[in-house]
Amino acid sequence: MRPTSRTAARVNGWAGPAGGAGSEGRGSSGSRRASPLCIVLAVQVVLFVLVTLAAFTMFTTSRIERAETVKELARLREDKARLEGALDALRHGDALAAPGAVTAHSRVAPGQHMEEAAMHAAMHGKCASLLMGWWSYEVCPFLSARQFHERDSRGAAESYSLGVRKDEVGSGRTVRPTRGPMTHLLHGGSPCENGHARETEVELVCGVDSTLALIWISEERPCQYHARVASKEACLPGEVATLLPPVDTSVRGGAQWADTAVVARVKGGTAPGPAPAPSQYANLPAGGSEAAAEKAAAVVEAFRHSWGGYKEFAWGKDEFQPIGRKAKPDWIGLGLTIVDALSTMWLMEMTEEFDAAVVWIEENLSTAHALPKAVSFFETTIRCLGGLLSAHELSGKPVLLAKALDVGEALSRAFATPSGLPFAQINLHTGAGSVATWTKGNLLLAEVGTVQMEFFKLAQLTGRADFYDKAHAVFTMLDAKHPRAPPLGTTNGGRLWPLYVSPRDGALVGTSVSWGAMGDSYYEYLLKTYLLVGRKSPAYIKMYRDSIQGMRDSLVTTSPADGRVYVAEMKDGKIVAKMDHLACFLPGLLALGSTLLREEDSTTADTDLELAKELASTCWAMYSMQASGVAPEFVKFDASKGMHNGQHHNLLRPETAESLFILWRVTKDPLYREQAWAMFLAFDRWCRVQSGGFAGLKDVTSTNPAKDDTMQSFWLAETLKYLYLIFADDDKLDLSKWVFTTEAHPMKVMAEPPTAEAITRWQAAAGGS
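A. Region of the structure containing the overall build of the chain. The helix and strand tally for the chain stands at 20 helices and 27 strands. Counting over 769 residues, the chain shows a buried share of 53%. Here the contacts in the chain between residues at least 6 apart in sequence split such that 64% fall between residues at least 24 apart. Carbon together with sulfur atoms contributes 55% to the accessible area of the chain, which is approximately 32600 Å² in total.

B. Seen up close, the sheet that holds strand 23 (residues 578-580). Taken in spatial order, the 3 strands of this open sheet run 23-24-25, and their pairing is antiparallel. At either end of the open sheet lies a strand with only one pairing partner, and these are strand 23 and strand 25 (642-645). Along the sheet, successive strands turn relative to each other by an average axial angle of 25°, direction set aside. Two elements, strand 24 (residues 634-638) and strand 25, share 4 bridges in a ladder whose sense is antiparallel. Following the sheet pairing, Lys636 is matched in strand 25 by His644.

C. Highlighting helix 11 (residues 452-462). Within helix 11, 8 of the 11 residues are buried, which leaves the element mostly enclosed by the surrounding structure. By the burial criterion, the buried members of helix 11 are Gln452, Met453, Glu454, Phe455, Phe456, Lys457, Leu458 and Ala459. Just downstream of helix 11 lies Gly463, where phi reads positive at about 75°.

D. Summary view of the state of the cysteines. Applying the stated criterion across every chain, the model contains 3 disulfides. Residue Cys206 pairs covalently with Cys235 via a disulfide, S to S 1.7 Å. With the S-S bond torsion at 80°, the cross-link from Cys206 to Cys235 turns out right-handed. Taken as a pair, Cys206 in strand 6 (residues 199-206) and Cys235 in the loop between strand 8 (224-231) and strand 9 (242-243) lie far apart in primary sequence, 29 residues in all.

E. Summary view of the environment of Ala639. Counting through the fold element by element, Ala639 comes out in the loop between strand 24 and strand 25. In this structure Ala639 touches Pro560 and Ala561, once residues within four positions along its chain are discounted.

F. Layout of the sheet that holds strand 18 (residues 508-509). Spatially, the 3 strands line up as an open sheet ordered 16-17-18, and their pairing is antiparallel. Each of the sheet's edge strands pairs with one partner strand only, and the pair in question is strand 16 (443-444) and strand 18. Strand direction decides the pairing type here: strand 17 (residues 500-501) and strand 18, joined by 2 bridges, are antiparallel. Counted as the bridge partner of Val501 is Leu508 from strand 18.

G. Structural view of the packing of aromatic side chains. Under the counting rule described, the total for this entry stands at 28 aromatic pairs. With 5.1 Å between their ring centres and 80° between their planes, Phe475 and Tyr540 make a pair best called edge-to-face. Placement of Phe475 in helix 12 (residues 465-480) and of Tyr540 in helix 14 (residues 538-554) is noted, with a sequence separation of 65 residues between them. There is no split in this pair, since Phe475 and Tyr540 are both buried. Members of the aromatic cluster, joined through ring pairs, are Phe456, Tyr468, Phe475, Trp497, Trp515, Tyr522, Tyr523 and Tyr540. A cation over an aromatic ring shows up here: Lys578 above the ring of Phe634, its NZ or CZ 4.5 Å from the ring centre.

H. Focus on the packing of helix 17 (residues 655-667) against helix 19 (residues 713-725). Direction vectors running N to C along helix 17 and helix 19 enclose 25°, while the axes themselves pass 8 Å from each other. Taken together, the axes of helix 17 and helix 19 lie roughly parallel to each other. You can see that helix 17 and helix 19 cross each other, and the crossing is left-handed. On the side of helix 17, the interface is formed by Ala657, Glu658 and Phe661, while helix 19 contributes Thr719, Tyr722, Leu723 and Leu725. By residue class, the composition of the contact of helix 17 with helix 19 is 5 nonpolar, 1 polar and 1 charged.

I. Summary view of helix 6 (residues 336-347). Of all 12 residues in helix 6, 11 are buried; the element is thus mostly enclosed. Of the residues making up helix 6, those classed as buried are Leu336, Thr337, Ile338, Val339, Asp340, Ala341, Leu342, Ser343, Thr344, Met345 and Leu347. Of the surrounding elements, those touching the buried residues of helix 6 are helix 5 (292-314), helix 7 (351-364), helix 8 (377-395), helix 9 (398-412), helix 19 and strand 27 (746-748). After helix 6 finishes, the residue Glu349 shows a positive phi value of roughly 60°.

J. Structural view of the side chain of Thr380. One can find Thr380 in helix 8. If sequence neighbours within four positions are ignored, Thr380 has contacts with Ile332, Leu334, Val375, Leu385, Val407, Leu411 and Leu428.

K. Seen up close, the packing of helix 15 (residues 586-596) against helix 17. Two elements in contact, helix 15 and helix 17, have axes separated by 7 Å at closest approach and are oriented at 25°. When the axis of helix 15 is compared with that of helix 17, the two are roughly parallel. Of the two elements, helix 15 crosses helix 17, and the hand of that crossing is left-handed. On helix 17, the residues touching Leu586, Pro587, Gly588, Ala591, Leu592 and Thr595 of helix 15 are Ser659, Ile662, Leu663 and Val666. In the contact of helix 15 with helix 17, the residues fall into 7 nonpolar, 3 polar and no charged.

Rules used throughout
Residues numbered from 1 in each chain as written. Predicted model: local features only at pLDDT ≥ 70, side-chain atom pairs only at ≥ 80, totals over all residues. Heavy atoms only, no water. Helix = DSSP H or I, 4+ residues; strand = E, 2+ residues; numbered from the N terminus. Buried < 20%, exposed > 50% of the residue type's maximum accessible area, 1.4 Å probe, protein only. Contact = heavy atoms within 4.5 Å. Areas by Shrake-Rupley, 256 points an atom, 1.4 Å probe, with all protein chains shown as cover. Pairing = 2+ DSSP bridges. Axes fitted to C-alpha atoms, helices over the stretch in contact; angles between N-to-C directions. Disulfide = S-S within 2.5 Å. Phe/Tyr/Trp six-rings, centres within 6.5 Å; stacked < 30°, edge-to-face > 60°. Lys NZ or Arg CZ within 6 Å of the ring centre and 35° of its normal. Parallel < 35°, antiparallel > 145°, perpendicular 65-115°, else oblique. Left-handed = near helix turned anticlockwise from the far one by under 90°. Nonpolar A, V, L, I, M, F, W, Y, C, P; charged D, E, K, R; others polar.

What follows is the structure, given as structure tokens:
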């Protein structure tokens, strides 16, 4: 057995001959006699070492037993583990590590890197948080992540685990980092609708101090999150932190953003780098009446640049990561970007690209190839079904209608709740529907009330009235179920619909209202569906007029600090001074209604148009007040600051561009072209990725904002389409003959609703001709 210390080895060396341990050598005159004093000293040293180590171990153990908090207990357990490692090293002759070093017997799990273990110890028990809209996020590196919101006025609260670390001491296994030592996985969180557990990939980046800051968190795939956390403890040797410009920390939910740094590592990087030069088109005149053709051509070039990156790096996939030069993981599996871009390519006369896309669709698009799991009924309807139907009407290509029928038949199986409303999610293979758990088993207003245009058009083009019947029944139920009492009903006959609807009986749930997220496009479709069916459904226009009156009575507000007019939200019956960029479709909707309905009610048309202009001014200010010239996700209002950012990121959203386009067509005021051009120049400068594609921004208040590495399909379907059409000639698309869906897919106006009786008449007329 190996000696336990160098002192013990010296003692054993004086033990005497083989004749007997402890012998004083009296049996042999040639033996050497050990000094009694040396033996006593050696024994004392051995006893001192053993007693000291034993006492230290007992002291640490007793401290653990007396620990009063979880954090203290965890720290003491680490002390005990390090001590046991040192004792084990002594017993086996291992060299003692330098202070702060990690030995083979410490808490480094197999497969982990030395720097990760050091960060683990430094960050253990620390957490960072971030507020993103309704939700707050908290990430504790190497420990846990969660998504939650605080209690509302009724005491309701929600919290979901986004994963925990499973490779702590004693677990018996290790989760290896997925992207190197600076990334680790938290998994086994709360279950999702699809039955899988939530998980979060935590990326650690270099910060300027030891305070943890949650830089960003996103749901890259359903229930799979990616979080970026900054701290000085994550700096590798030789790294120098590059500060981002300070931003308003008051809306960050406690995250210390002002001092947060992101570092360009030796291999690859996350820093935004040098600020790009102004757009190559900045030399074109800014005036709204000048160089319209050149500006339209510039938007087409931006589309070609976006399409070229997608085609080279992500062809056939749903969405594109332009910075990473790769496809994002599919979330529907139907070539989303290709289908969503069809109508824009047709309007821009990109014949070669359009034909190549149709070839891919003919050879590859099928619900049999969709993801074998539940996908969003709403998103698949507006992007895929709507994109195919619109492209068919524009081009006349039969294959696009055939593919639309395949998708529409699979989607139509979602109308199978007890009330007949569609499920939120649908498995395109099996037809199984489901409802999200975070909505407490309820359906979202926008998701059930924004499919009518697509299913009505499918009914008309295929001669299948069953598609019309299912979608029409949704509007009929929502109309009938409205209580017409405050706060959803007003004394002037106005009506607002809440965000949640029961799938069991169609009852309206709660009193939270928004013309932004989760409610927006329902109100949009009340008017647009009425226009689509040739103004032959009086119930639809009555619901639209009631909703506009309800909005005027309850939500239209003027900020006392800056005089800006905005549409507030309602939460549990109480007004919230907040407006989403998503709600910026409303100026265009009001302008469209005022023009097309002027013959029916000229007075109301005038007041609607005036409100449209006031709201458009507020939406434009969301852009003009930012250092980047690009709008945030939403804004808030208060008595002292007036309008200010609620969040700072931008997703390339189209709503303001849509409203500027319609207001230009309605008023011919060059102001709207001027604003649209300034918007395009800002997108072109900050969001363009040189290798191909455009990406959203993480912080629009920055003078050099970092990109989020996602090119949304609606950038091609909507944003660039509206920016192009505002500079194109009016005859490019006649708004009296075509109506845009919420995804900006134009659909030709019908003579009447596609009921069974109408379809029979159409077929008879076609046969007779």
